[in-house]
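# Structural overview for review
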Amino acid sequence: MDARVNGTVAEGFEPVAEAFAVNFARLGERGAAVAVYRDGHRVVDLWAGSRDVDGSAPWERGTAQIVRSATKGVAAAALLLLHQRGLLDLDAPVGTYWPEFKAAGKERTLVRDLLAHRAGVPALDRPLTPAEAADPDLGAAAVAAQAPVWEPGTDHGYHAQTYSWLTGELVRRVTGRPIGEFIASEIAAPTGADVWLGLPAAEQARVGRVGPVSAPETPGALKVRPKRAVADAYADPASLTRRAFAAITPLPDENDPAYRAAALPASNGIATADGLARVYASLIGEVDGGTRLFTPETRELACTEASSGPDRVLVVGTRFGLGFMLHGPASPLLTPTTFGHPGRGGALAFADPASGVSFGYVTNGFQGGVTADRRAQALVRAVRSALPLS
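Predicted, not measured: the structure shown is a model, and the values here were computed from it.

Rules behind the numbers
Residues numbered from 1 in each chain as written. Predicted model: local features only at pLDDT ≥ 70, side-chain atom pairs only at ≥ 80, totals over all residues. Heavy atoms only, no water. Pairing = 2+ DSSP bridges. Helix = DSSP H or I, 4+ residues; strand = E, 2+ residues; numbered from the N terminus. Buried < 20%, exposed > 50% of the residue type's maximum accessible area, 1.4 Å probe, protein only. Phe/Tyr/Trp six-rings, centres within 6.5 Å; stacked < 30°, edge-to-face > 60°. Lys NZ or Arg CZ within 6 Å of the ring centre and 35° of its normal. Axes fitted to C-alpha atoms, helices over the stretch in contact; angles between N-to-C directions. Parallel < 35°, antiparallel > 145°, perpendicular 65-115°, else oblique. Contact = heavy atoms within 4.5 Å. Nonpolar A, V, L, I, M, F, W, Y, C, P; charged D, E, K, R; others polar. Expected span 1.5 Å × (residues − 1). Salt bridge = Lys/Arg side-chain N within 4 Å of Asp/Glu carboxyl O.

### Structural notes on the sheet that holds strand β7 (residues 270–271)
- Within the open sheet, the three strands sit side by side as β4-β7-β5. Their pairing is antiparallel. Unpaired on one side and paired on the other, β4 (65–66) and β5 (195–196) mark the two borders of the sheet.
- Two elements, β4 and β7, share two bridges in a ladder whose sense is antiparallel. Bridge pairing in β7 links I66 to I270.

Have a look at this one:
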């Protein structure tokens, strides 16, 4: 579809607006927004299309969407803030803060293992229903009782859903507060970012409906098919890949107000593109000359590799810092120093200390990719073309 692009771009960032328009014309975009900050100041603020994937009401400035796994980066920021404040030791066993987690051979699992997808519990023997998953007590109890698939700390695999209860419960044990409340008061409020984990009723009207959309084939482009091992892993109900993504079964209705009001740090954060970009801007510097969340030392932790190589769940090579996905073939970001997180089928947010750039992209139409949506990648390439990067 063709869509009128609204918003502003600073001089030199016109390629981002051009790529954004092409996403609507050629790549199946229905409604989306993108924001970019450079050295803490906004240089791109664009939106277009419909607020609902299945509707016609226009997307407006401030329209928010569910961002799926892009939430994981915000949850990671919460844990690293606790470390920065001296409240959480990354090299301590998780059981130091959460004694029940020691069960079933997990007593040596370190906090850094949990953040780097090395905890060995990406799946549950008995999946939780959406209602059970939304109960933080039930989710935490399930993951605490789960035996690890591999010895914690010895390998890595994407904790697609269980990351919710791992991170959420650790924040609750350390602070006595739900993770959604911590993010609201310690991350969103100081930065002025429209980011929610557990959507307040007062904000429901700002959030569009999401859903799957087909990614049209681009004329003349090579059709890229997943490798056989990847395709087999997603097709096999008994594979660790399928079991990890099916830790909540059946799949929740992402447009259900009750689901949006829950706090699942792996999957159901809601944000504007500007909100995500503002949060990440605060992780590498000051935002609008004010708030800075991470010290340089904490920022370094975020972008230092903690896991790399074949991923036991995603069946491709992945790279993670402490809670953040890092630049690599499976998830190309801006430069080798970039850290952030994609959301399955669309959303992407990251920060790049080398260039001073932070980026947020949200969409209401989810396509098939897990770690590298082609609409988001087109925008990343446009940002890269606007920068004097070596």
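### Brief notes about the pairing of strand β12 (residues 348–352)
- Of all the five residues making up β12, five are buried; the element is thus mostly covered by neighbouring parts of the structure.
- Neither face of β12 is open: one carries L348, F350 and D352, the other A349 and A351, and all of them are buried.
- In this structure, strand β11 (residues 339–342) lies alongside β12, joined through four bridges in antiparallel fashion. Bridge pairing in β12 links H341 to A349.
- Adjacent in sequence and paired antiparallel, β11 and β12 are bridged by five residues, among which G345 carries a positive phi angle near 85°.
- Between β12 and the antiparallel strand that follows it, strand β13 (residues 357–363), lie four residues; G356 among them carries a positive phi value of about 75°.

### Thoughts on the packing of aromatic side chains
- What the rule picks out here adds up to nine aromatic pairs.
- Taken together, a centroid distance of 6.1 Å and an interplanar angle of 70° make the contact between Y280 and F324 edge-to-face. With Y280 in helix α11 (residues 273–284) and F324 in the loop between β9 (317–320) and β10 (325–326), this pair connects stretches of sequence that are 44 residues apart.
- Overall, F324 belongs to the buried group, its relative accessible area being 0%.
- Among the aromatic residues, those joined into a ring-pair cluster are Y158, Y234, F245 and F320.
- Against the face of F366 rests R68, its NZ or CZ located 3.8 Å from the ring centre.

### A look at the packing of helix α2 (residues 71–84) against helix α7 (residues 179–191)
- Running from amino to carboxyl end, α2 crosses α7 at an angle of 75°, the nearest separation of the two axes being 10 Å. In terms of axis orientation, α2 runs roughly perpendicular to α7. Along the contact surface, α2 presents V74, A75, A77, A78, L81 and L82, while α7 presents I179, F182, I183, E186 and I187.
- By residue class, the composition of the contact of α2 with α7 is 10 nonpolar, no polar and one charged.

### Describing helix α6 (residues 163–175)
- Given a rise of 1.5 Å per residue, 13 residues ought to cover 18 Å, and the 18 Å separating the end C-alpha atoms of α6 matches this to within 8%.
- Along α6, the positions that sit buried rather than exposed are Y163, S164, W165, L166, T167, G168, E169, L170 and V171.
- Structurally, α6 contributes buried residues whose contacts are with α2, α3 (111–115), α4 (130–133), α5 (136–145) and α7.

### Here's the deal with the pattern of salt bridges
- Per the stated rule, a full pass over the model turns up 23 salt bridges.
- Residue D52 is joined to R51 by a salt bridge in which the shortest nitrogen-to-oxygen separation is 3.3 Å.
- Note on R51: relative accessible area 18%, which makes it buried.
- A salt bridge links R278 to D288, with the shortest nitrogen-to-oxygen separation between them at 2.9 Å. Highlighted residues: R278 in helix α11 and D288 in the loop between α11 and α12 (296–303), separated in sequence by 10 residues.
- Assessed through its relative accessible area of 12%, R278 is described here as buried.
- Residues participating in the shared-partner salt-bridge network are E100, D137, E169, R172 and R173.

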